Amino acid sequence: MKKFGLFGYPLEHSFSKKFFQDKFEREGRMDYSYQNFESPNALDLKKIVFENPDLVGLNVTVPHKMDILPMMDHADEIAQRIGAVNCIKIIRNGSGKAELHGFNTDAWGFELALRPILRPHHRRALILGTGGSAKAVSFVLRKLNIEHFFVTREQSRFHYSYADLNESTTKAFQIIVNCTPLGMFPDVDTFPNIPYEFLTQ
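Residues numbered from 1 in each chain as written. Predicted model: local features only at pLDDT ≥ 70, side-chain atom pairs only at ≥ 80, totals over all residues. Heavy atoms only, no water.

1. A look at the sheet that holds strand β7 (residues 124-128)
Argument step 1. Across the sheet, 4 strands lie side by side as β9-β8-β7-β10; this open sheet has parallel pairing. Both edges of this open sheet fall to β9 (160-161) and β10 (175-178), since each of them pairs with a single strand only. (Pairing = 2+ DSSP bridges. Helix = DSSP H or I, 4+ residues; strand = E, 2+ residues; numbered from the N terminus.)

2. Digging into empty space enclosed by the protein
Argument step 1. This structure, assessed with the given rule, holds 1 cavity of 30 Å³ or more.
Argument step 2. In this structure, the largest cavity encloses a volume near 30 Å³.
Argument step 3. Lining the largest cavity we find L126, L165, T170, I176, I194, P195 and L199.
Argument step 4. The residue inventory of the lining of the largest cavity, partitioned by class, reads 6 nonpolar, 1 polar and no charged. (1 Å grid on protein atoms, 1.4 Å probe; cavity = no way out; pocket = protein on both sides within 12 Å on 5 of 7 lines; lining within 4 Å. Points joined across faces, edges and corners; volume = space filled by probe spheres on them. Nonpolar A, V, L, I, M, F, W, Y, C, P; charged D, E, K, R; others polar.)

3. Points about helix α2 (residues 44-51)
Argument step 1. Turning to α2, its buried residues number three or more, namely L45, I48 and V49. Buried residues in α2, looked at end-on, bunch into an arc of 95 degrees, giving them a common side.
Argument step 2. Packed against the buried residues of α2 are β1 (2-8), β2 (32-38), β3 (55-60), β5 (87-92) and β6 (98-103). (Buried < 20%, exposed > 50% of the residue type's maximum accessible area, 1.4 Å probe, protein only. Arc of directions from axis to C-beta. Contact = heavy atoms within 4.5 Å.)

4. Details of the side chain of S39
Argument step 1. Here S39 lies in the loop between β2 and α2.
Argument step 2. On the basis of relative accessible area, S39 is assigned to the buried category, the value being 6%.
Argument step 3. A polar contact is formed between the side chain of S39 and the side chain of D44, at a distance of 2.5 Å.
Argument step 4. Contacts of S39, omitting those with residues within four sequence positions, involve F7, G8, Y9, D44 and H64. (Polar contact = N/O pair within 3.5 Å; in protein donor to acceptor, adjacent residues only side chain to side chain.)

5. Structural notes on the sheet that holds β3
Argument step 1. Taken together, 6 strands build an open sheet; the order of strands is β2-β1-β3-β5-β6-β4 and the sheet is mixed. If you trace the sheet from one side to the other, it starts and ends with β2 and β4 (74-75), each paired once.
Argument step 2. Relative to β6, β4 runs parallel, the two sharing 2 bridges. Of the residues in β6, the one forming a bridge with H74 is H101.
Argument step 3. Seen against the sheet, helix α1 (residues 16-26) touches β1, β2 and β3 and runs at an angle of roughly 175 degrees to β2.
Argument step 4. Relative to β6, α2 is tilted by about 125 degrees, and along the sheet it contacts β1, β2, β3, β5 and β6. (Axes fitted to C-alpha atoms, helices over the stretch in contact; angles between N-to-C directions.)

6. Side note on the environment of G109
Argument step 1. Within the fold, G109 resides in helix α4 (residues 106-114).
Argument step 2. Classification of G109 as partly exposed rests on a relative accessible area of 31%.
Argument step 3. It is 13 Å that separates the C-alpha atoms of G109 and L141, two residues lying 32 residues apart in sequence.

7. Re a negative patch on the surface
Argument step 1. On the surface, E12, E38, D187 and D189 cluster together to form a negatively charged patch.
Argument step 2. Summarising the element assignment, E12 is placed in the loop between β1 and α1. (Patch = residues over 30% accessible without salt bridge, like charges linked within 9 Å, V, L, I, M, F, W, Y side chains within 5 Å. Areas by Shrake-Rupley, 256 points an atom, 1.4 Å probe, with all protein chains shown as cover. Salt bridge = Lys/Arg side-chain N within 4 Å of Asp/Glu carboxyl O. Lys, Arg positive; Asp, Glu negative; His and termini not counted. Charge placed at Lys NZ, Arg CZ, Asp CG, Glu CD.)

Here you go:
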């Protein structure tokens, strides 16, 4: 049996388990399974890998994407440049010792979604949040030469705060990317505190 899973906290919002279970069933992979490994402590990653010798891969979600990077035995160049890992391949040697190989697929997925809708006037962006997903979005925007700034809840001379967002700042940016957990299932009625009345079509 090959086991895969999702590591993060909390996980009640995640569709990953059902998605992969359905995928394995469709493809006739009866020797594959997928389960959630929920923990608020990133350090539990090593324990989970040790206690599940048939575990060969993990997806990683909030809030652990940045904290687990130093735990990787190997991390690909993109994950290192972003500073976050959201996908782990587990390779075990003959004695059963596990090596953790970290990757970042958030950047690839975001770029794939963004490119078809980009227009020449899309030159500046705001990123809501500063977590692992926000770092992946920043990586892609740098690659595409799109100037961008982060928006945080705290006042900082390096970032915008939500209090800074008004009609003029909103008009100065053509792209806004939500990298906060607000709006995720099951709290689909929550949303970032930005001045929506100034957004154009």
